[in-house]
Amino acid sequence: MDATYTLSLGDPLEPVRKAAAQMLQTRERTFSLEQPFYSDERVFQLDMQEIFHKEWLIAGMTCEIPSKGNFLTLQIGDNPIMVVRGAEGVVHAFHNVCRHRGSRLCTSDKGKVAKLVCPYHQWTYELDGRLLFAGTEMGADFDMSQYSLKPVQCKTAGGYIFISLADNPPAIDDFLATLAHYMEPYDMENAKVAVQTTLLEKANWKLVLENNRECYHCNGSHPELLNTLLEWDDVNDPRATQSFKDHVAESAAKWDAEKIPFAHASFGLRNRIVRMPLLKGTVSMTLDGKQGCQKLMGRIRNPDLGSMRILHLPHSWNHCMGDHIIVFTVWPLSAQQTLVTTKWLVHKDAVEGVDYDPERLRKVWDATNDQDRRLAEENQRGINSSAYQPGPYSQTYEFGVVNFVDWYSERMLHNLGAAPAPYLRQVNE
């Protein structure tokens with residue numbers, strides 16, 4: 001089917017756009033979404049076009065591509081993407097698509113190359129995307145300057161690599177500056193991924209996020225996690241006891257003395273940075289609460305830094321402790337399938353088997369991720385029922401879910417070019 005004929009058909013998702021906008025504009029704010037947002041493939045395509053193709057996503061960590069020529073690849077819907085370290089340490093992102101006939105260039109998850117060479121016809125690109133070689137077969141008047149790799153918006157901060165497929169993505173520089181400040185003690189250029197897992201969840205990506213944004217379910221589901229994690233992250237939470245508030249104050253005084261940033265920082269509903277202590281007597285998210293890695297991160301000298309929780313919507317949450325960092329990213333595959341990637345990072349000089357045991361490091365979150373997978377999948381099975389109708393969120397225990405759905409609704413309506421919902425007029429992005 002040629003492009004002219006395809007274009008003549010119009011936008012097949014146009015009825016879905018109108019229906020989705022209407023449902024979001026008229027929904028009850030403190031209730032879950034209508035069924036199609038969790039189960040319908042057409043709404044999933046809308047999510048990919050209007051959220052995952054237009055917002056900022058975490059592609060990986062700069063320490064994963066430490067030197068010139070190192071690259072990593074990822075898949076965003078139908079779009080293969082590559083991120084590569086170029087000259088003078090500059091991080092570039094490109095569509096992983098040869099400009100000749102569209103073959104993928106980099107076919108492995110990670111690697112190191114001198115140049116980017118297409119395996120099909122050996123078109124060769126510089127690390128900054130310029131086409132260097134296409135062979136004499138293309139003719140004497142072939143202009144290589146017109147066939148550079150198509151770039152992807154890319155920014156780095158605090159060891160994180162952010163990309164966006166949009167030509168004009170939302171503003172993010174204020175958050176990135178704050179993130180860099182909060183991550184400074186960790187010296188993320190001198191970190192490494194100690195272990196990484198990928199878990200397939202048979203549930204919509206929004207259900208995966210909703211599950212993460214509340215701990216209402218934690219007491220009945222996450223015994224390993226609750227050995228160390230406090231269920232709330234704010235002294236103003238109605239569940240917060242005086243002993244908890246005292247624990248926070250004591251911890252904050254120690255962090256302040258060591259010049260460790262800890263004040264809450266929020267950027268609309270998309271981003272949030274919160275450092276909170278772990279349970280008294282514990283310093284890391286391990287089964288016994290003791291250090292998972294004996295070599296601490298960066299300039300950190302005190303392992304008792306609690307957990308700095310970083311939220312980045314639409315798809316990432318993070319826990320940063322004194323001895324290691326855990327980075328979670330969510331990648332939608334279909335309306336009812338989602339990949340959750342988890343990376344445990346330690347100091348680059350930490351020695352496996354001496355400073356840390358990967359199995360011990362990952363045990364708590366391996367268990368927690370699998371428990372959350374089962375919860376999300378059962379949630380999906382119930383939502384697929386003809387009996388499902390949106391149910392009420394607890395505004396005390398599930399305020400994080402309300403905030404996520406507010407953010408999703410606001411961004412979807414904005415990116416669709418639709419009028420904002422009345423309940424979202426006070427939401428600042």
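Calculation criteria
Residues numbered from 1 in each chain as written. Predicted model: local features only at pLDDT ≥ 70, side-chain atom pairs only at ≥ 80, totals over all residues. Heavy atoms only, no water. pLDDT = per-residue confidence, 0-100. Contact = heavy atoms within 4.5 Å. Buried < 20%, exposed > 50% of the residue type's maximum accessible area, 1.4 Å probe, protein only. Helix = DSSP H or I, 4+ residues; strand = E, 2+ residues; numbered from the N terminus. Core = buried A, V, L, I, M, F, W, Y, C linked by side-chain atoms within 4.5 Å. Pairing = 2+ DSSP bridges. Salt bridge = Lys/Arg side-chain N within 4 Å of Asp/Glu carboxyl O. Phe/Tyr/Trp six-rings, centres within 6.5 Å; stacked < 30°, edge-to-face > 60°. Lys NZ or Arg CZ within 6 Å of the ring centre and 35° of its normal. Axes fitted to C-alpha atoms, helices over the stretch in contact; angles between N-to-C directions. UniProt positions renumbered as here; feature names shortened; annotations may be inferred. Disulfide = S-S within 2.5 Å.

Draft legend 1. Structural view of the confidence of the model for the protein. Confidence in the prediction for the protein averages 95 pLDDT; 97% of positions are at 70 or higher. The model gives residues 1-6 a pLDDT under 50, and that stretch makes two contacts with residues more than four places away or in other chains.

Draft legend 2. Representation of helix α6 (residues 205-212) in the model. Counting buried positions along α6 yields eight of eight residues, so the element is predominantly enclosed. For α6, the complete set of buried residues consists of W205, K206, L207, V208, L209, E210, N211 and N212.

Draft legend 3. Region of the structure containing the nonpolar core. In this structure, L74, I76, V83, I163, W205, W365 and Y408 are the most contacted members of the largest nonpolar core, which totals 72 residues. Residue contributions to this core peak at nine residues, all from helix α10 (residues 399-416). Apart from the residues lying within four places of it in its own chain, the contact partners of I163 are E55, W56, L57, A59, L74, I76, I81, V83, A93, V152, Q153 and C154. Among the nonpolar cores identified, the runner-up in size contains 31 residues, and A157, I300, L305 and L345 belong to it.

Draft legend 4. View of the pairing of strand β10 (residues 160-164). Counting buried positions along β10 gives five out of five residues, so the element sits mostly inside the fold. Burial of β10 is two-sided: the residues Y160, F162 and S164 facing one way and the residues I161 and I163 facing the other way are all buried. In the sheet, strand β1 (residues 57-61) pairs with β10 via four bridges, with the strands oriented antiparallel. In the sheet register, M61 faces β10, and the bridge partner there is Y160.

Draft legend 5. Representation of the pattern of salt bridges. Per the counting criterion, the structure on display carries 23 salt bridges. Two residues, D173 and K155, come together in a salt bridge whose shortest N-O distance is 3.2 Å. One end of the pair, D173, is in helix α5 (residues 173-183); the other, K155, is in strand β9 (residues 153-157), with 18 residues separating them in the sequence. For R373, the salt bridge is made with D370, and the minimal N-O distance between the two is 2.8 Å. Of this pair, R373 and D370 both sit in helix α9 (residues 358-383), three residues apart, roughly one helical turn. You can call R373 buried: its relative accessible area is 18%. Residue D370 is classed as partly exposed on the basis of its relative accessible area, which comes to 27%.

Draft legend 6. A look at the packing of aromatic side chains. Tallied over the entire structure, the rule returns 14 aromatic pairs. For the pair W123 and Y147, a centre-to-centre distance of 6.4 Å together with 85° between the ring planes defines the contact as edge-to-face. Taken as a pair, W123 in the loop between β6 (116-117) and β7 (124-125) and Y147 in the loop between β8 (131-133) and β9 lie far apart in primary sequence, 24 residues in all. An angle of 55° between the planes, with centres 6.0 Å apart, marks the rings of W255 and F262 as tilted. Given the relative accessible area of 2%, W255 is considered buried. By relative accessible area, which is 25% here, F262 ends up partly exposed. Through successive ring pairs, a cluster of aromatic residues spans F37, F52, W205, F404 and Y408. The positively charged end of R275 is found above the aromatic ring belonging to W255, 5.8 Å away from the centroid.

Draft legend 7. Molecular detail of the sheet that holds strand β3 (residues 79-85). Pairing is antiparallel across the open sheet formed by four strands, whose spatial order is β4-β3-β2-β5. The sheet terminates laterally at β4 (91-95) and β5 (110-112), the two strands that pair on one side only. For this sheet, the mean inter-axis angle between neighbouring strands, taken without regard to orientation, is 25°. In the sheet, strand β2 (residues 70-76) pairs with β3 via six bridges, with the strands oriented antiparallel.

Draft legend 8. Summary view of the UniProt feature "domain: Rieske" (unreviewed entry) in the protein. Mapped onto the present numbering, the UniProt feature "domain: Rieske" (unreviewed entry) falls at residues 56-163. Helix makes up 0% of residues 56-163 and strand 40%, and the two end C-alpha atoms of the span are 6 Å apart.

Draft legend 9. Seen up close, the state of the cysteines. For the structure on display, the rule yields one disulfide. There is no disulfide at C106, and the cysteine sulfur nearest it, in C118, is 9.9 Å away. Counting only cysteine sulfurs, C63 is the nearest neighbor of C293, a cysteine outside any disulfide, at a range of 13 Å.

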